[in-house]
Amino acid sequence: MDRRKSEVIKGLHVTEKSSMLSSLKDMESNKSLKACKTPKYTFIVANWANKIEVRKELEEVYKDQNVKVKKINIVNLPGKVKKSRKRGIRHGSAKMTKKAIVTLHEDCNIDFES
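For the structure given in this document, a descriptive report is provided here.

Parameters and conventions
- Residues numbered from 1 in each chain as written.
- Predicted model: local features only at pLDDT ≥ 70, side-chain atom pairs only at ≥ 80, totals over all residues.
- Heavy atoms only, no water.
- Helix = DSSP H or I, 4+ residues; strand = E, 2+ residues; numbered from the N terminus.
- Polar contact = N/O pair within 3.5 Å; in protein donor to acceptor, adjacent residues only side chain to side chain.
- Contact = heavy atoms within 4.5 Å.
- Pairing = 2+ DSSP bridges.
- Axes fitted to C-alpha atoms, helices over the stretch in contact; angles between N-to-C directions.
- Salt bridge = Lys/Arg side-chain N within 4 Å of Asp/Glu carboxyl O.
- Buried < 20%, exposed > 50% of the residue type's maximum accessible area, 1.4 Å probe, protein only.
- Core = buried A, V, L, I, M, F, W, Y, C linked by side-chain atoms within 4.5 Å.
- Patch = residues over 30% accessible without salt bridge, like charges linked within 9 Å, V, L, I, M, F, W, Y side chains within 5 Å.
- Areas by Shrake-Rupley, 256 points an atom, 1.4 Å probe, with all protein chains shown as cover.
- Arc of directions from axis to C-beta.

### A look at the environment of Y41
- Checked against the element boundaries, Y41 lands in strand β2 (residues 40-45).
- Sequence separation of Y41 and V102 is 61 residues, and the distance between their C-alpha atoms is 5.2 Å.
- Within polar-contact distance, the side chain of Y41 engages the backbone nitrogen of I110 at 3.4 Å.

### A closer look at the side chain of K99
- Tracing the backbone through its elements, the reader meets K99 in strand β6 (residues 97-104).
- When near neighbours in sequence (up to four residues on either side) are disregarded, K99 contacts H13, T42, F43, I44, V45, N73, I74, V75 and L77.

### A short note on the sheet that holds β6
- As summarised here, the arrangement of the 4 strands in space is β1-β2-β6-β3, forming an open sheet in which the pairing is antiparallel. Each end of this open sheet is capped by a strand with a single partner; those strands are β1 (9-12) and β3 (69-77). Averaged over all pairs of adjacent strands, the angle between strand axes in this sheet comes to 30 degrees, irrespective of strand direction.
- As judged from the 6 bridges shared by β2 and β6, these two strands associate in the antiparallel manner. The partner of T42 across the bridge, within β6, is I101.

### With respect to the pattern of salt bridges
- Applying the stated criterion across every chain yields a total of 1 salt bridge.
- A salt bridge links K63 to E60, with the nearest nitrogen and oxygen atoms 3.3 Å apart.
- On the basis of relative accessibility, which here comes to 56%, the residue K63 falls in the exposed class.
- The partly exposed category is assigned to E60, whose relative accessible area is 38%.

### Section: the nonpolar core
- One finds F43, V54, L58, V102, L104 and I110 to be the most contacted residues of the largest nonpolar core, which totals 18 residues.
- Sorting the residues of this core by element identifies β2, α3 (51-61), β3 and β6 as the ones contributing at least two each.
- Among residues more than four places away in sequence, those in contact with F43 are I9, G11, L12, H13, L58, Y62, K98, K99, A100, V102, I110 and F112.

### Quick look at a nonpolar patch on the surface
- On the surface, L12, V14 and F112 cluster together to form a nonpolar patch covering roughly 270 Å² of accessible area.
- Summarising the element assignment, L12 is placed in strand β1.
- The class for L12 is partly exposed, based on a relative accessible area of 39%.

### Concerning α3
- Among all positions in α3, only V54, E57 and L58 are buried. Around the axis of α3, the buried residues are gathered within 100 degrees of arc, so they sit on the same side. What points out from α3, more than 90 degrees from its buried face, is the exposed set I52 and K56.
- The inward-facing, buried residues of α3 abut β1, β2, β3 and β6.
- At the N-terminal boundary of α3, the capping side chain belongs to N50, with an oxygen 3.3 Å from the backbone nitrogen of I52.

Okay, here's the thing in structure tokens:
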């Protein structure tokens with residue numbers, strides 16, 4: 001199977017929790033979050049991608065911003081089961097997705113606007 005690098009990262013995963021994780025550097029009011037000095041970013045990645053491929057792709061895509069990845073956690077999200085309203089008959093499920101939570105070194109930051 002030909003795996004091109006552009007297929008590894010599908011996009012940024014934006015939720016309330018991921019927004020809080022990406023702004024960890026700016027948290028001053030919460031004592032537990034104040035100890036975290038590195039921002040975390042959440043990306044949707046290909047189902048076949050592993051931590052090594054995600055690290056290489058991120059450092060390649062954001063090399064002009066001098067991004068260095070410290071740690072990657074990968075979470076497999078199961079597909080949502082689709083049911084009928086009649087008698088609970090199952091009609092299938094949505095595709096599963098994989099999400100990567102990326103921790104950068106303290107001096108690194110990703111600017112998505114450029």
